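Examining the three-dimensional arrangement
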Amino acid sequence: MIDKRVKNAKEAIEGIKDGMTLMLGGFGLCGIPENSINALVESNVKDLTCISNNAGVDDFGLGLLLHKRQIKKMISSYVGENAEFERQMLSGELEVELTPQGTLAEKCRAAQAGIPAFYTPAGYGTEVAEGKEVKEFKGKPHILEHAFDADFSIVKAWKGDYAGNLIFKGSARNFNHPMAGAGKITIAEVEELVEPGELDPNEIHIPGIMVQRIFQGEKFEKRIEQRTVRPKE
């Protein structure tokens, strides 16, 4: 059995160079690969294209890379919590490709499955469809979308073993699941790293064949974007 363990996030991101395209799992701030993002910040790699559901917040997640001008282009479906992102986008410093959320997920899943392209009705009649091939299916127009082509996928899981098998927990499954195996190299940071055989095979979400590097993260903050509580009575 192949041992895919690496020591830490710094070792996990080795080979990520200027100008590469990265997929980063997470939904809002839930399930983001915190340790790997921090290692990218410290590495000073630049001109990145980042594919992610969101751009983090100003002082956490991908927001840290934005503040250091390490991201050249963002491909996202939601970007509403980051003032620096807004500033860079409106000033023309950052290239942005907004994508319907379902299309973003499917472009990841298609890459994961080795499917080069697919048709979807989402975005037809909007700027999303500009320059794209259109075909009708059952009388309804669909636009052609291509699967992502990323150099690295970086995901975060609840548990994993050193063969690369992964289990996600709750909402953290979100974009982490379709991104695992969707890049040429997949890095997984996990909250708990165990020996092969310790995970229930019936609970494994991603098989180890889709993961090339795995490490146990530390000091996860697990921030909440917007906390809403019931008023005191």
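Residues numbered from 1 in each chain as written. Predicted model: local features only at pLDDT ≥ 70, side-chain atom pairs only at ≥ 80, totals over all residues. Heavy atoms only, no water.

What to know about helix H4 (residues 83-91)
Note: α-helices contain 3.6 residues per turn, so residues at a spacing of three or four share the same orientation. Residues of H4 that are buried include every one of Glu84, Phe85 and Gln88, and no others. Viewed along the axis of H4, the buried residues span an arc of 105 degrees, placing them on a single side of the element. Turning to H4, the residues buried within the fold contact helix H3 (62-67), strand S3 (71-76) and strand S4 (95-98). If you check the start of H4, you find a side-chain oxygen 3.1 Å away from the backbone N of Glu84, and it comes from Asn82. Gly92 occupies a position one or two residues after H4 and carries a positive phi of about 85 degrees. (Buried < 20%, exposed > 50% of the residue type's maximum accessible area, 1.4 Å probe, protein only. Helix = DSSP H or I, 4+ residues; strand = E, 2+ residues; numbered from the N terminus. Arc of directions from axis to C-beta. Contact = heavy atoms within 4.5 Å. Polar contact = N/O pair within 3.5 Å; in protein donor to acceptor, adjacent residues only side chain to side chain.)

A look at the packing of aromatic side chains
Within a pair of aromatic rings, the relevant descriptors are the distance that separates the centres and the angle that separates the planes. Tallied over the full model, the rule gives one aromatic pair. A centroid spacing of 5.2 Å and a plane angle of 55 degrees characterise the contact between Tyr119 and Phe137, whose relative ring orientation is tilted. Note that Tyr119 is positioned in strand S5 (residues 117-120) and Phe137 in strand S6 (residues 134-137), a separation of 18 residues in sequence. Directly above the aromatic system of Phe220 lies the positively charged group of Lys156, at a separation of 4.8 Å from the ring centroid. (Phe/Tyr/Trp six-rings, centres within 6.5 Å; stacked < 30°, edge-to-face > 60°. Lys NZ or Arg CZ within 6 Å of the ring centre and 35° of its normal.)

Brief notes about the sheet that holds S6
With antiparallel pairing, three strands are arranged side by side in an open sheet as S5-S7-S6. Taken across any chain shown, the strands that pair with only one partner, and hence form the sheet edges, are S5 and S6. Strand-to-strand twist across the sheet, computed as the mean angle between neighbouring axes with direction ignored, equals 40 degrees. As paired strands, S5 and strand S7 (residues 140-146) are joined by four bridges and run antiparallel to one another. Bridge pairing in S7 places Phe118 opposite Glu145. (Pairing = 2+ DSSP bridges. Axes fitted to C-alpha atoms, helices over the stretch in contact; angles between N-to-C directions.)

Things to note about the environment of Ala188
Position of Ala188 among the secondary structure elements: in strand S10 (residues 183-194). If we skip the residues at most four places from it in the chain, Ala188 touches Val155, Leu166, Val211, Arg213, Ile214 and Phe215.

Remarks on helix H2 (residues 34-43)
Most of H2 sits inside the fold, with seven of its 10 residues counted as buried. On its buried face, H2 is in contact with helix H1 (9-12), strand S1 (21-24), H3, strand S8 (150-161), S10 and strand S11 (213-216).

Considerations on the side chain of Asp161
Relative to the assigned elements, Asp161 resides in strand S8. We note that Asp161 is buried and unpaired, the nearest opposite charge coming from Lys4 at a distance of 7.9 Å. Of the polar contacts made by the side chain of Asp161, one reaches the backbone nitrogen of Ala163; its length is 3.0 Å. In this structure the side chain of Asp161 is engaged in a polar contact, spanning 3.0 Å, whose partner is the side chain of Asn165. Setting aside residues no more than four positions away along its own chain, Asp161 makes contact with Leu193, Val194, Glu195, Pro196, Gly197, Leu199 and Ile214. (Lys, Arg positive; Asp, Glu negative; His and termini not counted. Salt bridge = Lys/Arg side-chain N within 4 Å of Asp/Glu carboxyl O.)

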